[in-house]
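Below, each chain spelled out in residue letters.
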Amino acid sequence: MCGIVGYVGEQQALDVVVDGLRRLEYRGYDSAGVAVLDATGPRLQIERRAGKLANLEAALAQGRLAGTLGIGHTRWATHGAPTDRNAHPHTDCSGAVAVVHNGTIENFADLREGLEARGHELTSDTDTEAVAHLIEERYAAGEEGDLAAAVRGVCASLEGSYVLVVAHRDHPDLVVGARRNLPLVVGIGDGENFLASDVTAFIAHTREARALDQDQVVELRREGVVVTDLDGVEVGGECFHVDWDTAAAEKAGFDYFMLKEIQEQPDAVRDTIGGRFGLDGRLRLDELSISDEDVRGFEKVFIVAAGSSYHSGLVGKYAIERWCRLPVEVEMASEFRYRDPVLDRHTLVVAISQSGETADTLEAVRHARQQRAWVLTISNTVGSSMARESDAAFYTRGGPEIAVASTKAVMTQLAAVYLAGLYLAQVRGTRDPDEVRSHFRDLETVPALITEVLSRMDATRKLARDLSGEERVLFLGRHVGYPMALEGALKLKELAYVSAEGMPAGEIKHGPIALIDKGTPVVVLATRHALQAKLVTNIQEIRARGARTIVIATDGDETVIPYADHLIRLPDTKSLLSPMLTLVPLQVFAAEFAMARGLDVDQPRNLAKSVTVE
Ligand code: AGP
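Computed from a prediction, not measured in an experiment: that's the story for all the values here.

Summing up its helical and strand segments, the protein chain has 20 helices and 25 strands in all. Referenced to the eigenvectors of the C-alpha coordinate spread, the extents of the protein chain come out at roughly 80 × 55 × 45 Å. Considering only residue pairs separated by 6 or more positions, the protein chain has 71% of its internal contacts joining residues 24 or more positions apart. Of note, the protein chain has its 65 positive side-chain charges centred 6 Å away from the centre of its 90 negative side-chain charges.

Here it is as structure tokens:
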């Protein structure tokens with residue numbers, strides 16, 4: 001997620017804001033910028049640069065921005081590549097308003113269209129710039145000079161998740177902030193006040209804080225803070241004392257980034273799927289230079305990826321084959337190009353990569369392009385090498401993933417491959433618009449279901465600690481449960497360094513059942529499915545040979561109870577969506593298992609977050 005800082009007080013704002021942004025660097029970003037109000041103008045002095053803070057600081061060294069009110073931003077690109085032009089703050093037509101923003105404005109395309117029709121000229125690719133112009137309009141049309149009222153009015157017109165922090169050249173003592181679904185915290189100082197995405201940015205100045213609640217707007221002044229709802233009615237709120245150190249604050253109080261990122265998954269999915277339907281009722285990808293005619297000409301699909309991304313690709317196969325009736329092959333990227341696959345203009349290669357920089361997958365993309373195949377990249381990193389070298393891109397908008405182990409990245413990839421299947425079916429006409437929208441509505445229920453699953457994980461954590469002395473764990477699944485069995489095994493391997501193996505449940509009797517000894521833990525993904533009876537038979541087979549069965553099952557399913565030593569219950573959902581729910585206990589189990597062993601789940605041994613060598 002992006003980093004945001006706002007300040008008004010007696011200090012030089014530039015120092016406070018840049019220091020705050022530096023403390024938020026851990027969140028990951030690809031551009032940065034500041035706006036400082038020069039009250040003598042009055043004018044807003046803005047500097048912004050792509051890349052790391054050092055680039056911004058080099059630009060700032062050319063001429064110091066003086067003033068005691070400022071806002072700043074570190075951006076993780078979701079709409080528009082990480083360039084100077086797309087970096088925040090963004091301004092309105094006259095440069096009177098400066099806005100920094102975290103989140104995704106789902107209706108920004110329609111808002112932008114209206115602004116341009118009313119004569120506004122927008123110069124960036126971002127959703128944020130539209131907000132600056134909307135505030136300009138409201139400010140001019142409303143009660144003259146009421147910046148907070150203008151921001152409240154604009155917020156009421158926005159759809160999606162956002163944190164906004166706004167400055168106006170006519171207000172040397174006012175910074176306005178607003179939030180929906182994403183965090184914004186006020187730092188309460190003495191003759192100075194702060195706004196930030198999280199307390200890390202200002203705890204060097206004050207540890208007294210107040211978190212804004214949903215759809216609240218804050219007016220920050222030197223001498224005080226007023227918080228209202230969107231109707232302008234003042235609302236009370238609790239202040240709290242921050243007793244975290246900086247390291248804990250970066251993890252929002254969690255012991256590890258991975259644990260925080262597991263909890264972020266509902267919002268990550270919500271942001272990934274938000275705004276995907278245009279006014280024309282069609283699903284839309286982010287960047288697309290493949291015509292509908294070419295899409296209708298596809299005769300074969302390959303999905304190439306590595307690690308967890310490969311597992312999401314295996315699930316994607318089921319969606320695309322079911323809805324598009326196109327043959328899909330899912331390949332390890334590291335193997336793909338060396339077997340000289342048959343590729344041509346009627347082939348679509350889907351590359352899945354959180355980083356967009358994995359060498360194996362990037363080289364597979366290059367090989368596919370050389371063979372004249374079409375390439376769609378699904379990535380969490382806007383402007384990554386893979387996205388730039390593809391014909392189309394679909395961004396998962398999961399925000400930076402700091403932990404090496406993929407959690408919200410693979411979760412949002414599952415949503416993305418589901419949507420990619422729907423997109424292809426819609427363009428190829430193999431599913432009618434009503435059915436596409438119905439499947440999309442099913443997907444929209446998933447964030448709340450993930451939240452429900454996350455609320456049930458205490459028993460899973462205890463089970464993981466109880467089993468943390470085991471050196472071998474098997475994971476079994478059928479159909480879309482099989483890729484998740486692979487993912488569960490990978491998580492345990494990479495976090496706890498345990499010999500874990502995932503396999504199709506039907507395969508166990510063709511050899512691996514010899515691994516079963518008395519008490520061997522076996523995790524079986526047995527959520528309600530057409531193959532349920534066969535899965536129950538598999539559970540009986542392994543239990544008869546002494547396995548300790550950990551069964552992940554759907555609420556109310558009684559068939560598995562006689563064979564489950566441990567039962568992890570999940571809410572019911574459509575089978576194609578079930579991997580997004582079974583994934584959660586697998587992540588929690590592996591993390592807790594590793595922590596019980598005293599291991600660092602953020603930085604497992606021998607691993608890198610992005611494997612940029614073949
Ligand atoms: C998964 O937990 C690992 N971190 C690893 O397998 C990862 O999924 C793989 O290296 C692919 O990375 P990418 O998605 O950035 O291409």
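By size, the foremost hydrophobic cluster in this structure holds 122 residues, and its most contacted members are Val34, Leu443, Phe475, Leu492, Met580 and Phe593. Broken down by element, the residue count for this core peaks at 14 residues, all from helix 14 (residues 408-428). Membership of the second largest hydrophobic core comes to 28 residues, among which are Leu111, Ala132, Ile135 and Ala178.

Let us now look at the environment of Val5. Within the secondary structure, Val5 sits in strand 1 (residues 3-8). By relative accessible area, which is 4% here, Val5 ends up buried. Excluding its chain neighbours within four sequence positions, the residues that come into contact with Val5 are Val17, Gly20, Leu21, Leu24, Gly70, Ile71, Gly72, Leu195, Ala196 and Ala201.

Attention shifts here to the sheet that holds strand 11 (residues 208-211). The strands making up a sheet associate through hydrogen bonds between their backbones, and the pairing can be parallel or antiparallel. The sheet built from 8 strands is open, its strands ordered 3-2-4-1-10-9-11-14 with antiparallel pairing. Either end of the sheet is taken by a strand with one partner, and the two such strands are strand 3 (43-50) and strand 14 (239-241). Shown here is a sheet whose adjacent strand axes are inclined to one another by a mean of 20°, direction ignored. Where strand 1 meets strand 10 (residues 193-196), 4 bridges bridge the pair, whose relative direction is antiparallel. Pairing of Tyr7 across the sheet is with Phe194, part of strand 10. Across the sheet, helix 1 (residues 13-23) lies against strand 1, strand 2 (31-38), strand 4 (69-75) and strand 10, angled at about 20° from strand 4, the strand it touches most. Packing against the sheet, helix 2 (residues 53-60) makes contact with strand 2 and strand 3, and its axis sits at approximately 135° to strand 3.

The sheet contact formed by strand 12 (residues 216-221) and strand 13 (residues 224-229) spans 6 bridges and is antiparallel. Counterpart to Arg221 in the pairing with strand 13 is Gly224. A loop of 2 residues connects strand 12 with strand 13, the two strands running antiparallel in sequence.

All right, on to the pattern of salt bridges then. When charged atoms on two side chains of opposite charge get close, those side chains can pair. Tallying each qualifying case throughout the model produces 39 salt bridges. With its nearest N and O atoms 3.0 Å apart, the salt bridge here joins Asp292 to Arg282. Here Arg282 lies in the loop between helix 8 (265-273) and strand 15 (287-288) and Asp292 lies in helix 9 (residues 292-296), a separation of 10 residues in the sequence. By relative accessible area, which is 29% here, Arg282 ends up partly exposed.

Quick look at helix 5 (residues 147-157) now. Burial of helix 5 is extensive: 8 of the 11 residues sit out of reach of the surface. Here the buried face of helix 5 lies against helix 4 (128-141), strand 7 (160-168), strand 8 (175-180), strand 12 and strand 13. Between a side-chain oxygen at the N-terminus of helix 5 and the backbone nitrogen of Ala148 the separation is 3.3 Å; the capping residue is Asp146.

Okay, the site of the ligand next. Near the ligand, the surroundings consist of 14 residues, among which Ser309, Ser353, Ser355, Thr358 and Glu494 are the closest. The protein chains hide 91% of the 410 Å² of surface that the ligand would expose on its own. Within the shell around the ligand, the residues separate by chemical class into 4 nonpolar, 8 polar and 2 charged.

All right, on to the side chain of Thr361 then. Checked against the element boundaries, Thr361 lands in helix 12 (residues 359-370). Setting aside anything within four residues of it in sequence, one finds Thr361 in contact with Val304, Ala305, Ala306, Ala333, Ala351, Ile352 and Met386.

Turning next to the side chain of Ser161. As for its position among the elements, Ser161 is in strand 7. A polar contact of 3.2 Å, which involves the side chain of Ser161, links it to the side chain of Asp271. The residues contacting Ser161, other than those within four sequence positions of it, are His101, Asn102, Gly103, Thr104, Ile105, Arg180, Asn181, Leu182 and Asp271.

With that out of the way, let us pick up the sheet that holds strand 6 (residues 97-105). Strand order in the open sheet formed by 6 strands is 5-6-7-8-12-13, and the pairing between neighbours is antiparallel. Looking along the sheet, the strands with just one partner apiece sit at the ends: strand 5 (90-91) and strand 13. Direction of pairing for strand 8 relative to strand 12: antiparallel, over a ladder of 5 bridges. Its bridge partner being in strand 12, Val176 is matched across the sheet by Glu219.

Rules of the game
- Residues numbered from 1 in each chain as written.
- Predicted model: local features only at pLDDT ≥ 70, side-chain atom pairs only at ≥ 80, totals over all residues.
- Heavy atoms only, no water.
- Helix = DSSP H or I, 4+ residues; strand = E, 2+ residues; numbered from the N terminus.
- Contact = heavy atoms within 4.5 Å.
- Lys, Arg positive; Asp, Glu negative; His and termini not counted.
- Charge placed at Lys NZ, Arg CZ, Asp CG, Glu CD.
- Core = buried A, V, L, I, M, F, W, Y, C linked by side-chain atoms within 4.5 Å.
- Buried < 20%, exposed > 50% of the residue type's maximum accessible area, 1.4 Å probe, protein only.
- Pairing = 2+ DSSP bridges.
- Axes fitted to C-alpha atoms, helices over the stretch in contact; angles between N-to-C directions.
- Salt bridge = Lys/Arg side-chain N within 4 Å of Asp/Glu carboxyl O.
- Polar contact = N/O pair within 3.5 Å; in protein donor to acceptor, adjacent residues only side chain to side chain.
- Near = heavy atom within 4 Å.
- Areas by Shrake-Rupley, 256 points an atom, 1.4 Å probe, with all protein chains shown as cover.
- Nonpolar A, V, L, I, M, F, W, Y, C, P; charged D, E, K, R; others polar.

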